[in-house]
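Coordinate analysis (summary)
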Amino acid sequence: MKPLTPLTIVNGLLILPGAAPAAGAVRCESDRIAAVGADLAPLPGDRVIDAQGALIAPGLVDLGVFAIDKPAFHFGGITRAALMPDQGVVLDTPSAVRFAAQSGKPDLWVHPLAAATKGLEGRELAELALMREAGARAVATGRRWIADSGVMHRLMSYCAMLGLVVVAHAEDGALTGSAVATAGEMATRLGLPSAPAEAEALAAARDIALAELTGARLHLRQVTTAAALDLVRKAKARGAAVTAGITPAHFMLSDMAIGDFRTFTRLSPPLRTEADRRAVLAALADGTIDVVSSGHDPRGPEDKRLPFADAEPGMAGAETLLPLTLGLVRDGVIGMARAFELLATNPARLLNADAGSLSPGCEADIALIDPERPWMVDSAMMAAAAGNTPFDRQGVQGRVTALFKGGVAIEL
Amino acid sequence: MALSSMTSSNPTAAGRYPAGSAAFAHRDLIALAGLAPWEILFLLDEAEQWVELNRKPHKRDDRLAGLTIINAFFENSTRTLLSFEIAGKRLGADVVNMHAAQSSVKKGETLIDTAMTLNAMRADAIVIRHQSSGAVGLIADKVDCPVLNAGDGQHEHPTQGLLDALTIRHAKGDIAGLKVTICGDILHSRVARSNIHCLTTLGAEVRVCAPPALMPADIEALKVSPFHDFNVALDGADVVMMLRLQQERMSGQFIPSPREYRHLYGLTLDRLARARPDALVMHPGPMNRGIEIDSNVADLAGRSAITRQVEMGVAIRMACLDVLTRRSRKVEGWT
């Protein structure tokens, strides 16, 4: 579905790596970006779109979603989503991966993350090379940690050979057990099963050690505690190929938010203390965190309208990913260019996708964004398959006004 | 002081709390956390009349006649269910018990659907016990009548907290300033949480004692002092409250063995001597005799208030059912 005529978007503010937003235009030929620049003019015969001063940004690349939820992704400016292997049929076979890779086209690209182990059970390696051939862009341990260090060692050495990033969940499963909250005052008051936040640092320390041992590239999908962020920071300083991600929940909320047993705040990993939340903000500011993703996991009442500990974890995050990250820009935590490195450039690089930046040759995945436009998050009115957002009734700013996948406009 | 001679100080109600519905302006009783001291005192004072009534041969007051109370117990219970049933019946209500074991919960019906069903039957009050923390509050949000929490997971068991406070008040006259030592599985205990909130709100000095694995994180935030050494925690205590240790926690998961638990945390006569000479011994039941409490302590005349707790339980539950249904009964001053 390639566009017949070249497309030029003019009169916008270009988001280019390492630079403040600057007036300019972007020109797309076929499904690729052909040129960007301040004084770029449409060529005769181009289809011309006036951005009317909006940000011209790369489409968001959402690393680690649990469902393909196109309306929510498009609302949030997401043009590519890396799908976690934890599906009804686990993505542990080439056929499952191939099917998933086709499931969003043409207006959303789904990058399947191959299950590291068969059935995500943490015991036997899945057919990772065959799944790579079938379209898997990285390997993931799923929602769970691989408890057996021998399995993790073999997995990482194999992935190092294959050149696949290992996306890991960093929580020591034996320590977390059936916990649904972080040990501390709030869990104690509510009487919820809880585990020490150190479960994350324990898991991160092992996986970082194995990454350095094997030379594998490790991406810790969510690093939510000061202790584990310090481990990542130090590993990076040593030159280890370790990256870290986060979702807006962990930079916006602390475990104070679970106070009324609201299951929309039941997340995995659980919300942490305010001190850890501040550590996450610091890690976003100093470059320790590389990726902000939605963790999109729409869950209906059958999974959420339950007592807190009986509910499934997860949030519908696709629609709020962009505005909450732009909130970090407004608050001076990060700059605008860095926001889109976190949302697009870095995850695209980890997935080895020609996307995530407005660079000539990249796929023409482009979002026009009004970064100031205010709107109210409303769990009853969401584009997502379910409204399980912890940010219900919260005012936010930043909205996608137009979205292009491979140079083709997507109806919003 | 022998228990038989214990009487309530029962101070006059005047001036202790506002008149009418302002004395307890909540539709439900989900938790003691967050209640004002005078709200707790109001419920304790209300219970006194029922302590009196329950000691008479004719134990009947028909103020709840015509009302339907559903006891919905999603978790097994003998004494709490019986206590609520007796409380409702002595006030003249029609009391119906729903056991999860014989309900459609076993057939996969969701908790909310069950709650909506009970609501549609137009209960005038629903008493709920559930194994998950927060479950009772969740149901309360979905139904139109007052809801009483009879224990939700490891969160709260408010009527237990109130009946323990009433028991202490009967024995000691006042709660403020007392040293109360709560010993056992604090981590998993809703009884401990409700007692901590109740007693600290009423001005007691509360100590909690447990091995580290059974002590919740940051428990100091609940304005209590944590101890691991029971002997130290008992020093000078006015009240010793023992908690039941669940069998599954004594199999090496949290504690190496029952006899090792008794060695460190069992309330023996020798240990009790570390508390004040008139220290009150309490246990919410059912007891593991010879593990958390020795029989000669549990049965110690004049000191053990364990059966008195059960007696106060019925009175407290009568008070709660009465107070929470006053709005629907259009009692004067309750709007």
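The residue count restarts for each chain, going from 1 along the sequence in the order it is written. The order in which chains are written sets their letters, starting at A; the order in which ligands are written sets their numbers, starting at 1. Local features in this predicted model are restricted to residues whose pLDDT is 70 or higher, and side-chain atom pairs enter the listing and the counts only when it is 80 or higher, whereas totals over whole chains, interfaces and linings include all residues. Side-chain metrics in this entry use all non-hydrogen atoms of the structure; hydrogen atoms and water are not considered.

A closer look at the overall build of chain B
In plain terms, the rule: Helix and strand definitions here come from DSSP, where helices need a minimum of 4 consecutive H or I residues and strands a minimum of 2 consecutive E residues; each element is numbered from the N-terminal end. What the globule rule says is 2.2 Å times the number of residues to the power 0.38, and the radius of gyration is computed from C-alpha atoms. A 1.4 Å probe rolled over the protein chains alone gives each residue an accessible area, and that area as a share of the maximum for its type sets the label: buried under 20%, exposed over 50%, partly exposed in between. A contact between two residues is defined here by any heavy atoms of the two lying within 4.5 Å. Two residue types count as positive, namely Lys and Arg, and two as negative, namely Asp and Glu; His and chain ends fall outside the count. Here the site of a charge means atom NZ of a Lys, CZ of an Arg, CG of an Asp or CD of a Glu.
Along chain B, the regular secondary structure elements total 11 helices and 9 strands. Over its C-alpha atoms chain B spans a radius of gyration of 20 Å, differing by no more than 12% from the 20 Å that the globule rule assigns to 335 residues. Expressed as a percentage of the 335 residues in chain B, the buried residues total 58%. Here the analysis covers contacts within chain B between residues at least 6 apart in sequence; of these, 74% occur between residues at least 24 apart. Averaging the positions of the 37 positive and the 37 negative side-chain charges in chain B gives two centres separated by 3 Å.

Topic: the overall build of chain A
Worth spelling out the cut-off: Note that accessible areas follow from Shrake-Rupley with a 1.4 Å probe, and for residues the cover is restricted to the protein chains shown.
Within chain A one finds 13 helices and 18 strands. In terms of overall dimensions, chain A is globule-like: its C-alpha atoms have a radius of gyration of 20 Å, near the 22 Å expected for 412 residues. Along the longest, intermediate and shortest principal axes, the C-alpha atoms of chain A span 65 × 45 × 40 Å. Looking at the 412 residues of chain A, the share that counts as buried comes to 60%. Partitioning the contacts of chain A with sequence separation of at least 6, the portion at a separation of at least 24 is 70%. Of the accessible surface of chain A, which amounts to about 14900 Å², a share of 54% is contributed by carbon and sulfur atoms. Within chain A, one finds 38 positive and 45 negative side-chain charges whose respective centroids are separated by 2 Å.

Quick notes on the pattern of salt bridges
Side chains that carry opposite charge are capable of pairing whenever their charged atoms lie near each other. All names here are of chain A. This is how the line gets drawn: Salt bridge, as used here, is a side-chain nitrogen of Lys or Arg placed within 4 Å of a carboxyl oxygen of Asp or Glu.
One pass over the full model with this rule turns up 47 salt bridges over all chains. Arg272 is the partner of Glu200 in a salt bridge, and the nearest nitrogen-oxygen pair spans 3.7 Å. Placement of Glu200 in helix α7 (residues 198-214) and of Arg272 in the loop between α9 (248-252) and α10 (274-286) is noted, with a sequence separation of 72 residues between them. Using a relative accessible area of 3% as the deciding quantity, one classes Arg272 as buried. Between Arg393 and Asp378 there is a salt bridge whose closest N-O contact spans 3.1 Å. Residue Arg393 is located in the loop between β16 (366-376) and β17 (395-405), and its partner Asp378 is located in the loop between β16 and β17; the two are separated by 15 residues in the primary sequence. Here Arg393 falls in the exposed class, since its relative accessible area comes to 53%.

Examining the packing of helix α5 (residues 158-172) of chain B against helix α6 (residues 190-201) of chain B
Residue and element names in this part refer to chain B. Applied cut-off: Angles run from 0 to 180 degrees between N-to-C directions of axes, and those axes are lines fitted to C-alpha atoms, restricted for helices to the stretch in contact. If an angle is under 35 degrees, it is roughly parallel; if it is over 145, roughly antiparallel; if it lies from 65 to 115, roughly perpendicular; otherwise it is oblique. With the far helix as reference, a near helix turned anticlockwise by less than a right angle produces a left-handed crossing, and one turned clockwise produces a right-handed crossing. Amino acids outside the nonpolar list (Ala, Val, Leu, Ile, Met, Phe, Trp, Tyr, Cys, Pro) and the charged list (Asp, Glu, Lys, Arg) are all regarded as polar, and Gly is one of them.
Axis separation between α5 and α6 bottoms out at 8 Å; the angle between their running directions is 55°. Classified by the interaxial angle, the pair formed by α5 and α6 is oblique. Seen from above, α5 lies across α6 with right-handed handedness. Note on element contacts: α6 touches α5 through Val191, Ser194, Asn195, Cys198 and Leu199, opposite Pro158, Gln160, Gly161, Asp164, Ala165 and Ile168. Along the lines of polarity and charge, the residues of the contact of α5 with α6 split into 6 nonpolar, 4 polar and 1 charged.

Considerations on the nonpolar core
Selection rule: Working definition of a nonpolar core: buried Ala, Val, Leu, Ile, Met, Phe, Trp, Tyr and Cys residues. They are joined through side-chain atoms within 4.5 Å.
Leu128, Leu155, Leu220, Phe251, Leu284, Phe340 and Ile369 of chain A are the most contacted members of the largest nonpolar core, which totals 101 residues. The leading source of residues in this core is helix α12 (residues 318-330) of chain A, at 7 residues. The contact partners of Leu220 of chain A, leaving out residues within four places of it in the chain, are Ala168, Ala170, Ala204, Asp207, Ile208, Val232, Thr243, Ala244 and Gly245 of chain A. One finds Trp50, Ala171, Ala233 and Ala279 of chain B within the second-largest nonpolar core, a separate group that totals 94 residues.

Let's talk about empty space enclosed by the protein
Residues and elements named next belong to chain A. The condition is simple: A cavity here means a set of 1 Å grid points, computed over protein atoms only, where a 1.4 Å probe fits but cannot escape. A pocket is an open set with protein on both sides within 12 Å along at least 5 of 7 lines, and lining residues have an atom within 4 Å of a point. Grid points are joined across faces, edges and corners, and a volume is the space filled by probe spheres set on the points.
A complete count under the given rule lists 4 cavities of 30 Å³ or more for this structure. By volume, the largest cavity amounts to about 150 Å³. Along its surface, the largest cavity is lined by 15 residues, and Phe66, Gln222, Ser268, Gly295 and Gly314 are the ones closest to its centre. In terms of residue class, the lining of the largest cavity is made up of 4 nonpolar, 8 polar and 3 charged. Around the second largest cavity sit Ile15, Leu16, Pro17, Pro58, Ala337, Phe340, Glu341, Thr345, Ser357 and Leu358, which together line it. A per-element tally of the lining of the second largest cavity places helix α13 (residues 336-350) first, with 4 residues. Split by residue class, the lining of the second largest cavity holds 7 nonpolar, 2 polar and 1 charged.

Let's talk about the sheet that holds strand β4 (residues 147-152) of chain B
All names here are of chain B. Note the cut-off: The rule for pairing is simple: two strands pair if DSSP sees at least two bridges between them.
Read from one edge of the open sheet, 4 strands run β2-β1-β3-β4, paired in parallel fashion. Pairing within the sheet leaves two strands with one partner each, and these edge strands are β2 (94-99) and β4. Taken over all neighbouring pairs, the strand axes of this sheet differ in orientation by 15° on average, direction set aside. Two elements, strand β1 (residues 68-73) and β2, share 6 bridges in a ladder whose sense is parallel.

Looking at the packing of aromatic side chains
What counts, and what does not: Each Phe, Tyr or Trp ring (for Trp, its six-membered ring) is paired with any other whose centre lies within 6.5 Å, and the angle between the two planes then decides the class: stacked below 30 degrees, edge-to-face above 60, tilted in between. Placement of a positive charge over a ring is assigned whenever Lys NZ or Arg CZ falls within 6 Å of the ring centre and within 35 degrees of the normal to the ring plane.
Here the structure, examined in full by the defined rule, presents 4 aromatic pairs over all chains. Following the ring pairs from residue to residue traces out a cluster consisting of Tyr17, Phe42 and Trp334 of chain B. The cationic tip of Lys105 of chain A hangs over the ring face of Trp109 of chain A; the distance from NZ or CZ to the ring centre is 4.6 Å. Seen from the ring of Trp375 of chain A, Arg399 of chain A lies directly overhead, with NZ or CZ sitting 5.1 Å from the centre.

Focus on the pairing of strand β7 (residues 78-83) of chain A
Within a regular strand, the side chains alternate between the two sheet faces. Residue and element names in this part refer to chain A. The line we're drawing: Orienting the strands away from the viewer, one traces the path from the first strand over the helix to the second; a clockwise path indicates a right-handed crossover.
With 6 of its 6 residues buried, β7 lies for the most part within the structure. Where strand β6 (residues 60-65) lies against β7, 5 bridges are found, and the strand directions are parallel. Bridging from a neighbouring strand, Val65 pairs with Leu83 of β7. Taking the sense of rotation as the criterion, the β-α-β connection linking β6, helix α1 (residues 70-75) and β7 turns out right-handed. Taken together, the 4 bridges between β7 and strand β8 (residues 109-115) define a ladder with parallel strand orientation.

Some thoughts on the pairing of strand β3 (residues 32-37) of chain A
Residues and elements named next belong to chain A. Where strand β2 (residues 22-29) lies against β3, 5 bridges are found, and the strand directions are antiparallel. Residue pairing across strands places Ala25 opposite Gly37, the latter belonging to β3. Hairpin connection, β2 to β3: the antiparallel pair is bridged by 2 residues, and Ser30 has positive phi, about 55°.

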